[in-house]
Amino acid sequence: RVNVAPMTVEAEKDALHAILSFEDISHIREAEQMRHDFVANVSHELRSPLTALVGFIETLQGPAKGDAVAAERFLGMMERESDRMARLIDDLLSLSKLQARERDAPSAVVDIADVINDIVVSLGGSNEHLRERIKVSIVKGETKVIGDKNELGQVFQNLIENAIKYSPDGSDVVVTACAAEKSDEHICVCVTDQGDGIDPVHIPRLTERFYRIDKGRSRAIGGTGLGLAIVKHILIHHRGSLKIKSKLGEGSTFSVYLPAAQTA
Ligand code: ADP
């Protein structure tokens, strides 16, 4: 931490040191501003489902009192708003745990083929139509990485869910191991959709917390705006990286690079 008062004293003794210290201060201000924006965003994101819930309760107590049809409709909407708040809180807790510095670096050998398989089963559930949309082309044994199975599951779950959310119903979501991008040190797994694509101006900001291209659309389809921020933090922890390639109208590819496990 830089203290403002001693810095002024040092400025008289050593001009160069003073300049460096001023830069430090600007970083602190920037961090403070980011924290302030984050708290404002969280409050706003929690406030809007809460306002909707209060509105529904007032309607059910007032104008719609005794109306069984309206009650059923409103209760359905209230359930959706409560789910949204719960998802937001879960995502915020995940993000805050991921940002805590004291976590050990992951060390287990994990096969991404197993991770993807588990996700397809859990996302598809009993929804055969959804399961059929996800086309996986990964050979077990060829995508072994050093990592944490749960965290890597979260990465691919978020990417596959986004691919489904932001592309037309029925279109394919393809998950492949990109052999061309593989090296001795890294493996690469790509999630490709046939959705609307992303204007390149947005790409550098997509992993920022609450950055959404179309807030209304993201909310309507159940997005919290934190999915890609969570992906980013998990990949930082794994010393991995994310490449986003997209063109408006031509779908998107999210490529995940992870440190390969040394196979004997
Ligand atoms: P959200 O909960 O809004 O989906 P994310 O952090 O997962 O939040 O994604 C941030 C934004 O990036 C989304 O709101 C959406 O605008 C855009 N996005 C993410 N994935 C895709 C995709 N596959 N195709 C198009 N846009 C996407």
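Above this text sits the structure in question.
Since the structure is predicted, the reported quantities are computational estimates derived from the model, not experimental observations. (Residues numbered from 1 in each chain as written. Predicted model: local features only at pLDDT ≥ 70, side-chain atom pairs only at ≥ 80, totals over all residues. Heavy atoms only, no water.)

**Q** Is there a simple way to think about helix 3 (residues 68-99) in this case?
**A** An α-helix turns once per 3.6 residues; consequently, residues spaced three or four apart project the same way. Relative to the 46 Å expected for 32 residues at 1.5 Å per residue, helix 3 spans 46 Å between its end C-alpha atoms, a close match to the ideal helical length. Those residues of helix 3 that sit buried are Ala-70, Phe-74, Met-78, Glu-81, Arg-84, Met-85, Leu-88, Asp-91, Leu-92, Leu-95 and Leu-98. One side-chain oxygen at the N-terminal end of helix 3 lies 3.1 Å from the backbone nitrogen of Val-69; it belongs to Asp-67. (Helix = DSSP H or I, 4+ residues; strand = E, 2+ residues; numbered from the N terminus. Expected span 1.5 Å × (residues − 1). Buried < 20%, exposed > 50% of the residue type's maximum accessible area, 1.4 Å probe, protein only. Polar contact = N/O pair within 3.5 Å; in protein donor to acceptor, adjacent residues only side chain to side chain.)

**Q** Whenever I open this one, the nonpolar core confuses me. Can you help?
**A** Nonpolar side chains tend toward joint burial in soluble globular proteins. Core analysis: the largest hydrophobic core is formed by 46 residues, its most contacted members being Ile-112, Phe-156, Ile-160 and Leu-258. Apart from residues lying up to four places away in sequence, Ile-112 is in contact with Ile-138, Thr-143, Val-145, Leu-152, Phe-156, Ile-187, Val-189 and Leu-258. Core analysis: the second largest hydrophobic core is formed by seven residues, Phe-56, Ala-64, Phe-74 and Met-78 among them. (Core = buried A, V, L, I, M, F, W, Y, C linked by side-chain atoms within 4.5 Å. Contact = heavy atoms within 4.5 Å.)

**Q** Help me out: how do you make sense of the site of the ligand in this one?
**A** Around the ligand sit 19 residues, and of these Asn-162, Tyr-166, Ser-218, Gly-225 and Leu-228 come closest. Asn-162 has a polar side-chain atom sitting 2.8 Å from an oxygen atom of the ligand. In this structure, Gly-225 approaches the ligand through a main-chain N or O atom, which is 2.8 Å from an oxygen atom. Relative to its unbound accessible surface of 530 Å², the ligand loses 96% to contact with the protein. Looking at the shell around the ligand residue by residue, the class counts come to nine nonpolar, seven polar and three charged. (Near = heavy atom within 4 Å. Areas by Shrake-Rupley, 256 points an atom, 1.4 Å probe, with all protein chains shown as cover. Nonpolar A, V, L, I, M, F, W, Y, C, P; charged D, E, K, R; others polar.)

**Q** Before we go on, may I ask you to explain the side chain of Arg-84 in this structure?
**A** Within the element layout of this structure, Arg-84 appears in helix 3. A relative accessible area of 14% means that Arg-84 is categorised as buried. If near-sequence neighbours (up to four positions away) are discounted, Arg-84 is found in contact with Glu-45, Ser-48, Pro-49 and Arg-219.

**Q** Sorry if this is basic, but what is going on with the pattern of salt bridges here?
**A** Any two side chains of opposite charge can pair, given that their charged atoms come close. In the structure shown here, the tally under the stated rule is 10 salt bridges. Close ionic contact of Glu-45 with Arg-212 constitutes a salt bridge, the shortest N to O distance being 2.5 Å. Placement of the pair is Glu-45 in helix 2 (residues 15-61) and Arg-212 in the loop between strand 5 (186-193) and helix 7 (215-220), with a sequence separation of 167 residues. Taking the relative accessible area as the measure of exposure, Glu-45 reaches 4% and is therefore buried. The salt bridge involving Glu-45 is made with Arg-219; its shortest N-O contact spans 3.3 Å. Placement of Glu-45 in helix 2 and of Arg-219 in helix 7 is noted, with a sequence separation of 174 residues between them. Connected through salt bridges with shared partners, the residues Glu-45, Arg-212 and Arg-219 form a single ionic network. (Salt bridge = Lys/Arg side-chain N within 4 Å of Asp/Glu carboxyl O.)

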